[in-house]
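Coordinate inspection notes
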Amino acid sequence: MSGLVGKPVNRIDGKLKVTGGARYAAEFPLLNLAHAVFITSPIASGRITDIDIKVAEESPGVLAVLTHLNMPKLAQEPKFGFGAIFTGQSFSPMQGAEIYYSGQQVAMVIADTLERATHAAKLVQFTYTVEQPVTIKDIDKAYEPETMWGGMFPARMVKGDVGQGIAQADVQINATYTIAGNHHNPMEPSATIAAWSGDKLTLYDATQGVFSTQSTVANLLGIPVENVRVISTFVGGGFGCKGPVMSHTWLTAIASREVGRPVKLVLTREQMYTSVGYREEQSMEMTLAATSKGKLTAIKHIKTSATSPFEDWAEPSTGVVSNIYSCDNVEASYRLVKANVMTPTFTRAPGEVPGMFAIESAMDELAYKLGIDPIELRLRNHADLEPRSGKPYSSKSLKECYARGAKLIGWRNRNPQPASMKQGRYLIGYGMASSSFPTHRPFTAQSARATLLSDGRVVVQCGAVDIGTGAYTILAQVAADVLGLSPEQIQVEIGDTTLPNVTFAGGSMGAGAWSSAVHTAAIALRNKLVTMAITNPQSPLYQAKPEDIAVENGRLFHTQDPSQGETYTAVLCHLEQPSVEVVASWKPDMGAGQKYAMHAFGAQFAKVQVDPDFGTVRVLKCVGVFAAGRILNAKTARSQLIGGIVWGIGQALLENTHMDYNYGRYTNANLAEYLIPVNADIPDIEIDFIPEEDPHINVLGVKGIGEIGMVGAGAAIANAIFHATGKRMRDLPITPEKVMLA
Ligand code: MOS
């Protein structure tokens, strides 16, 4: 590699974004576009008994009022789980009269303008029978499911004998950690434009995966997959809520077919709280047992949360709890309440975030109880082999992350005694936590196309989606590096099902999978150009050996005599070809996956200041040191990790979706009362990387960084608050009144 990969290259799409040239789903100006709005249920449980649409239907500009009475039935049931149908829950609104959750979509009003649709929606009259909703407060209804998510992972994992581990222990921590419900709230709300041409459907959709949206919508509508095209060129944040396909997408497709016009639907901010999943409110009972030397002898974790009436789902927090430290006796399980809510979904670092908050808070408690430094305690329980499988790691640099992070935050200056450090009238505290995220790899071949144009530029294409991460830029870097071009000479085209198939932007998997496909295609194009040159009598490289040819500045040359060579443009001219194109695929080495455990790791530190009179917390500094394989772009990677840490600060101190449990309704479904951090809340965040070369995971050894930045951030802040105040905060968000009352 020439060294372009990893460089802090500016976003190649940056100019488009700041000038408004980047087109998001709702911004495609289609001719004759109609506008749809949803009416949603104000009740959380019950049944629609009557609907009066007459006045609305006669309202000016209205094209249709669709309800469960006239909305066509789906060809198949939605299904939450990876497969040909990948929806956010196994239920579609507007297919029946039952109401399962507040905010459930009950009607769609389509009109020639948004204003007319919005007005007419207020004219529809619904009559309901109302039942008392079930919520997480109905804890007596909790049960332990047999499997989770339709059998995708077990609901209980047991290793060794926890009872025996506890009997061997000198000390125990028994504590319950809780987190509030959180919503993703990307800047761009979910949106779909559906347009039919005969029996062919085009969807402009804010999605993390064009191919999963294509196959899901095709199957739900009962039409051939090839009749659906999905375009998603720019996405304003996803974080999981645009991963599975949500009901507004297929309902808009049907609505467009019904009115015979292209239809645009944009969820309102309020509707985003009840239409696209969320991170569920949850409590986690933890038991840690350890010897007086700090060696863990037992870990027990029981997570309780609410799921929807449709499936057994909880974000899989037991995964990280059972897998981060070496311990012989582990038991982890879930308890669920089937409540009147929509199914929760993936939310940035699903499972790792709450799981790590629980175990890293408990580890901190254990460290203070034993009088062992929190970093030292973690080193004493470091897993040299993956605890769950016993496999070696493909690479692991967690110890280096601790050491580097401790240095950057100034851990040495910390007086271990809680509530001992002051600055003026403020209490100062330092906290830390481990971080990890599994390296997921796709099961299917990842393909890309690379085309050399006659002007020497190269077009690189695959159906990836840039959800704000910098995918355009890293793919340009990878291709440019292989082909000896500058990133500006690479045109990256993604976000369209007409392009070669790759996996979706989820599970921190995109960068590793897509860079592997693009790298493979770029190599294939370079090899093809070399072959074209050395077999062409007109070329100065005629009859040279392929291994003697190198590329630089868009030119092939002989390594022994660099003056012998020709530009890519010349190669095409000699053969009178306007362009040359290759499609190539990469598939992960499944053997390596059998042999090695693959995870990214990190160490996260926080320094906080607490006002002892008002209980207000300010984060003064965050440090995150990560070992995530090869970093493709130091600048966009740093940005991603800062973003994850900002999420961690929000979750630790501010974010809380409040429910009125009597009515089963959210009371702050907006950005005024659902608090997220603003610039003034965000301190200096320092990111560093431990370099890793991992030959086992994918072509460039990329582990992915979309989620790991958030994983340990909340726990590090809670632990820092304990150090500052001596008060253990076990309930997120840590608001001033909780600090004062503790
Ligand atoms: Mo991510 S929560 O897998 O979109």
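All values reported here derive from a predicted model rather than from experimental measurement.

Digging into the overall build of the chain
Check the secondary structure of the chain and you find 19 helices and 32 strands. Computed over its C-alpha atoms, the radius of gyration of the chain comes to 27 Å, within 12% of the 27 Å expected for a compact globule of 742 residues. Projected onto its principal axes, the C-alpha positions of the chain cover 80 × 70 × 50 Å. When burial is assessed residue by residue, the chain has 61% of its 742 residues classed as buried.

Description of the packing of helix 16 (residues 634-653) against helix 18 (residues 713-725)
Packing of helix 16 against helix 18 leaves a shortest axis separation of 8 Å and a crossing angle of 50°. Classified by the angle between their axes, helix 16 and helix 18 sit oblique to one another. Remark: the crossing between helix 16 and helix 18 carries right-handed chirality. The residues of helix 18 that touch helix 16, namely those facing I645, G648, I649, A652 and L653, are A713, G714, I717 and I721.

As for the sheet that holds strand 24 (residues 555-558)
Pairing is antiparallel in the open sheet, where 3 strands are placed in the order 23-24-25. Each edge of the sheet is formed by a strand with only one pairing partner; in this case those strands are strand 23 (549-552) and strand 25 (565-567). Across this sheet, the average inter-strand angle for adjacent strands is 20°, counted without regard to direction. Relative to strand 25, strand 24 runs antiparallel, the two being bridged by 3 bridges. In the strand pairing of strand 25, L556 is matched with E566.

Side note on the confidence of the model for the chain
Mean pLDDT over the chain: 97, with 100% of residues reaching 70 or higher. Within the chain, strand 8 (residues 153-154) has the poorest average pLDDT of any element, 85, and strand 13 (residues 228-231) the best, 99.

Side note on helix 12 (residues 471-483)
If you check helix 12, its first and last C-alpha atoms are 18 Å apart, about what 13 residues at 1.5 Å a residue would give, namely 18 Å. Of all the 13 residues making up helix 12, 13 are buried; the element is thus mostly covered by neighbouring parts of the structure. Looking one or two residues beyond helix 12, the residue adopting positive phi is G484, at roughly 65°.

Considering the nonpolar core
Ranked by internal contacts, the top residues of the largest apolar core, which has 108 residues, are M108, L221 and L556. Ignoring sequence-local partners within four residues, the contact set of L221 consists of A75, W196, L201, W250, A253, I254 and R257. With 92 residues, the next largest nonpolar core counts V321, V353, A603 and A718 among its residues.

Looking at the sheet that holds strand 16 (residues 296-307)
Judged by pairing direction, the sheet is mixed, and its 6 strands sit side by side in the order 9-17-16-15-10-32 without closing on themselves. Two strands bound the open sheet, and with one partner strand each, they are strand 9 (156-159) and strand 32 (731-732). The pairing of strand 15 (residues 282-290) with strand 16 spans 9 bridges and is classified as antiparallel. Bridge pairing links M284 to K303 in strand 16. Each of strand 10 (171-179), strand 15, strand 16 and strand 32 touches helix 9 (residues 352-370); the most contacted strand, strand 10, lies at about 145° to it.

A few points about the environment of G714
Tracing the sequence through the fold places G714 in helix 18. By relative accessible area, G714 is classed as buried at 4%. Note: C-alpha distance between G714 and A652 (62 residues apart in sequence) is 4.9 Å. The contact partners of G714, leaving out residues within four places of it in the chain, are F357, G648 and A652.

Some words on the pattern of salt bridges
One pass over the full model with this rule turns up 25 salt bridges. For D688, the salt bridge is made with R404, and the minimal N-O distance between the two is 2.5 Å. Here R404 lies in helix 11 (residues 398-409) and D688 lies in strand 31 (residues 684-689), a separation of 284 residues in the sequence. Ionic pairing is found between D611 and R425, a salt bridge with its closest N-O pair at 3.0 Å. Within this pair, whereas D611 is found in the loop between strand 27 (599-610) and strand 28 (617-627), its partner R425 is found in the loop between strand 18 (422-423) and strand 19 (426-438), the two being separated by 186 residues in sequence. Overall, the relative accessible area of 6% leaves D611 in the buried class.

Overview of the domain arrangement of the chain
By the assigned domains, the chain splits into domain 1 (14-19 + 445-587), domain 2 (32-132 + 188-237 + 242-275) and domain 3 (147-181 + 279-440 + 594-741). The C-alpha centroid of domain 3 is placed 40 Å from the C-alpha centroid of domain 1. The partner domain 3 presents 16 residues to the 17 residues of domain 1 that form the contact. Between domain 1 and domain 3, roughly 1,200 Å² of surface is buried when both sides are summed, and carbon and sulfur atoms account for 62% of that area. When residues of domain 1 are sorted by the area they lose upon contact with domain 3, T469, G507 and S508 head the list and together hold 36% of the total. Between the two partners, domain 1 and domain 3, sit 0 salt bridges.

Notes on the packing of aromatic side chains
Describing an aromatic ring pair means giving the distance of the ring centres and the angle of the ring planes. Taken as a whole and judged by the stated rule, the model has 30 aromatic pairs. With a centroid separation of 5.6 Å and 80° between ring planes, the pair formed by Y393 and F601 is classed as edge-to-face. Linking Y393 in the loop between helix 10 (374-380) and helix 11 with F601 in strand 27, this pair joins segments that are 208 residues apart in sequence. In this structure Y393 comes out as buried when scored by relative accessible area, which is 10%. The structure contains a cluster of three or more aromatic residues connected by ring pairs, namely F80, F82, F86, W149, F153, W313, Y334, F346 and F504. Taking NZ or CZ as reference, K396 lies 4.6 Å from the ring centre of F601, over its face.

A word on the pairing of strand 1 (residues 34-40)
Counting buried positions along strand 1 yields 6 of 7 residues, so the element is predominantly enclosed. One ladder, built from 6 bridges, connects strand 1 with strand 5 (residues 105-111); its direction is antiparallel. Opposite I39, over in strand 5, you have A107 as the bridge partner.

Digging into the packing of helix 12 against helix 13 (residues 510-534)
At a minimum axis separation of 9 Å, helix 12 and helix 13 run at an interaxial angle of 30°. As summarised for this structure, helix 12 and helix 13 are arranged roughly parallel, according to the angle between their axes. As helix 12 runs across helix 13, the sense of the crossing is right-handed. On the side of helix 12, the interface is formed by A471, I474, L475, V478, A479, V482 and L483, while helix 13 contributes A511, W514, S515, V518, H519, A522, I523, L525 and R526. Per-class residue counts for the contact of helix 12 with helix 13 are 13 nonpolar, 2 polar and 1 charged.

A closer look at unusual backbone geometry
It is generally the case that most residues other than glycine have a negative phi and that most peptide bonds are trans. Along the chain, L732 connects to P733 via a cis peptide bond; the corresponding omega equals 0°. Among the secondary structure elements, P733 is positioned in the loop between strand 32 and helix 19 (736-741). Even without being glycine, N185 reaches a positive phi, approximately 50°. Positionally, N185 belongs in the loop between strand 10 and strand 11 (191-197).

Definitions and limits used
Residue positions are given per chain, counted from 1 along the sequence in the order it is written. Local features are withheld for residues below a pLDDT of 70 in this predicted model, meaning they are given only at 70 or higher, and side-chain atom pairs are given and counted only at 80 or more; totals for whole chains, interfaces and linings count all residues. Excluding hydrogens and water, the side-chain figures rest on all heavy atoms present in the structure. In this description a helix means any DSSP run of H or I spanning at least four residues, a strand means any run of E spanning at least two, and both kinds are numbered starting from the N terminus. Just to be clear, the radius of gyration here is over C-alpha atoms, and the globule rule we use is 2.2 Å times residues to the power 0.38. Residue exposure (1.4 Å probe, protein chains only): buried if accessible area is under 20% of the type maximum, exposed if over 50%, otherwise partly exposed. Axis definition: a line fit to C-alpha positions, over the contact stretch in the case of helices; interaxial angles, taken between N-to-C directions, run 0 to 180 degrees. For this classification, under 35 degrees means roughly parallel, over 145 means roughly antiparallel, 65 to 115 means roughly perpendicular, and everything else is oblique. Less than a right angle of anticlockwise turn of the near helix away from the far helix marks a crossing as left-handed, whereas a clockwise turn marks it as right-handed. Working rule for contacts: check all heavy atoms of both residues, and any pair within 4.5 Å makes them a contact. Should DSSP find at least two bridges between two strands, the strands are regarded as paired. The pLDDT score gives, residue by residue, the confidence of the prediction method on a 0 to 100 scale. The span one expects for a helix is its residue count, reduced by one, times 1.5 Å. Take the buried residues of types Ala, Val, Leu, Ile, Met, Phe, Trp, Tyr and Cys, join any two whose side-chain atoms come within 4.5 Å, and each joined set is a nonpolar core. A carboxyl oxygen of Asp or Glu within 4 Å of a side-chain nitrogen of Lys or Arg is what we treat as a salt bridge. For the purposes of this description, domain bounds are those given by an automatic or database domain assignment. Summed over both partners, the accessible area lost on bringing two parts together, with a 1.4 Å probe, is the buried area. Classification of ring pairs rests on two measures: the distance between centres of Phe, Tyr or Trp rings, Trp counted by its six-membered ring, which must be within 6.5 Å, and the angle between planes, read as stacked under 30 degrees, edge-to-face over 60 and tilted in between. Geometrically, a lysine NZ or arginine CZ counts as sitting over a ring once it is within 6 Å of the ring centre and also within 35 degrees of the ring normal. Just so you know the grouping, Ala, Val, Leu, Ile, Met, Phe, Trp, Tyr, Cys and Pro go in nonpolar, Asp, Glu, Lys and Arg go in charged, and all remaining residues, Gly too, go in polar.

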